[in-house]
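Residue strings, one per chain:
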Amino acid sequence: MNIIFLGPPGAGKGTQASLLAGLYDIPHISTGDIFRDNIKRGTPIGKEVKLIIDAGALVPDDLTISLVKERLKREDCLKGYLLDGFPRNLYQAESLESVAPPDMAVNVDIDQDILVSRLAGRRACPNCAGTYHVSAVPSELCPVCGVKLTVRPDDVPETIRKRLEVYNSQTAPLIAFYGQLGKLLTIDGNQSIEKVCGDIVEGLRKE
Ligand code: AP5
């Protein structure tokens, strides 16, 4: 099963993709996590993308597409994939259709005031890439590996605004793109993590 996630920053794409990866035993591939890992390791890619990501803009398509194509060739993707953060524009979506088309695009729909509070309260583990909300995990330490949690550099108000603009202008049109292909499953993302996950599983089962 090949699944992609659509939805604005903070909609819960990463949270849901990580849960479904465990349920379906297919890899959760987050382009944001791939870039952040490169930044952390100081690789040439990390150096190239750091300022772009910190500004809330999109990394150039050719670099992003080639990283995703390489990742999809790995053996763990033979059973499928859960792509979180890709595609983000029409060009990326068309390139994915030509190599490993998704069976379904899960569109996590959410009210803007809720997502701003989710991003403002998000804490990320620099070691295992787990993400938590301060209301659910008030400790400063990652519940999985014990490392001190940090605030993502792009989770500051000005960059959040920029990321939302980019989402609305470049990524939101993909909702119509996948709708026309008959591959769209829209889920109410304003609910609890468990309820959103249950609705996705139920929706995928019916398709
Ligand atoms: P990326 O890492 O993909 O960021 P994003 O799309 O902005 O999405 P987020 O990770 O912010 O949100 P999410 O929807 O995954 O929410 P989460 O589950 O964490 O990309 C970062 C950057 O990399 C981009 O800006 C761009 O520069 C670059 N990039 C990446 N892909 C690219 C591409 N394809 N092309 C070009 N550039 C690219 O949840 C958020 C918070 O809410 C968490 O604290 C979570 O615990 C909490 N939460 C989640 N669900 C719920 C719920 N139901 N109820 C209560 N709390 C919840």
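All values derive from a computational prediction rather than experimental measurement.

### Section: the nonpolar core
- Core analysis: the biggest nonpolar cluster contains 22 residues, and Ile 3, Phe 5, Leu 82, Val 106, Ile 200 and Leu 204 have the highest contact counts within it.
- Those elements that provide at least two residues to this core are strand 1 (2-6), helix 1 (13-24), strand 4 (104-109), helix 6 (112-120), helix 7 (157-171), strand 7 (184-188) and helix 9 (193-206).
- A per-element tally of this core places helix 9 first, with four residues.
- Apart from the residues lying within four places of it in its own chain, the contact partners of Phe 5 are Lys 13, Gln 16, Ala 17, Leu 20, Leu 82, Leu 83, Gly 85, Val 106, Val 108 and Ile 200.
- Among the nonpolar cores identified, the runner-up in size contains 17 residues, and Ile 29, Val 68, Leu 83 and Ala 105 belong to it.

### Quick look at the packing of aromatic side chains
- If you walk through the whole model with that rule in mind, you get one aromatic pair.
- Summarising the aromatic geometry, the rings of Phe 177 and Tyr 178 are spaced 4.9 Å apart at their centres and angled 85° between planes, so their arrangement reads as edge-to-face. There is no split in this pair, since Phe 177 and Tyr 178 are both buried.

### A short note on unusual backbone geometry
- Of the consecutive residues Phe 86 and Pro 87, the connecting peptide bond is found in the cis state with omega at 0°.
- Following the sequence through the fold, Pro 87 ends up in the loop between strand 3 (81-84) and helix 5 (90-99).
- Unusually for a residue other than glycine, Asp 25 sits at a positive phi of about 55°.
- With respect to the helices and strands, the residue Asp 25 is situated in the loop between helix 1 and strand 2 (28-30).

### Details of helix 3 (residues 44-54)
- Of the residues making up helix 3, those classed as buried are Gly 46, Val 49 and Ile 53. Looking straight down helix 3, one finds its buried side chains confined to an arc of 85°; they lie on one side. Pointing more than 90 degrees away from the buried face of helix 3 are the exposed residues Pro 44, Lys 47 and Leu 51.
- Contact partners of the buried residues in helix 3: helix 2 (31-41), helix 4 (61-72) and helix 7.
- Looking one or two residues beyond helix 3, the residue adopting positive phi is Gly 56, at roughly 80°.

Rules behind the numbers
- Residues numbered from 1 in each chain as written.
- Predicted model: local features only at pLDDT ≥ 70, side-chain atom pairs only at ≥ 80, totals over all residues.
- Heavy atoms only, no water.
- Core = buried A, V, L, I, M, F, W, Y, C linked by side-chain atoms within 4.5 Å.
- Buried < 20%, exposed > 50% of the residue type's maximum accessible area, 1.4 Å probe, protein only.
- Helix = DSSP H or I, 4+ residues; strand = E, 2+ residues; numbered from the N terminus.
- Contact = heavy atoms within 4.5 Å.
- Phe/Tyr/Trp six-rings, centres within 6.5 Å; stacked < 30°, edge-to-face > 60°.
- Arc of directions from axis to C-beta.

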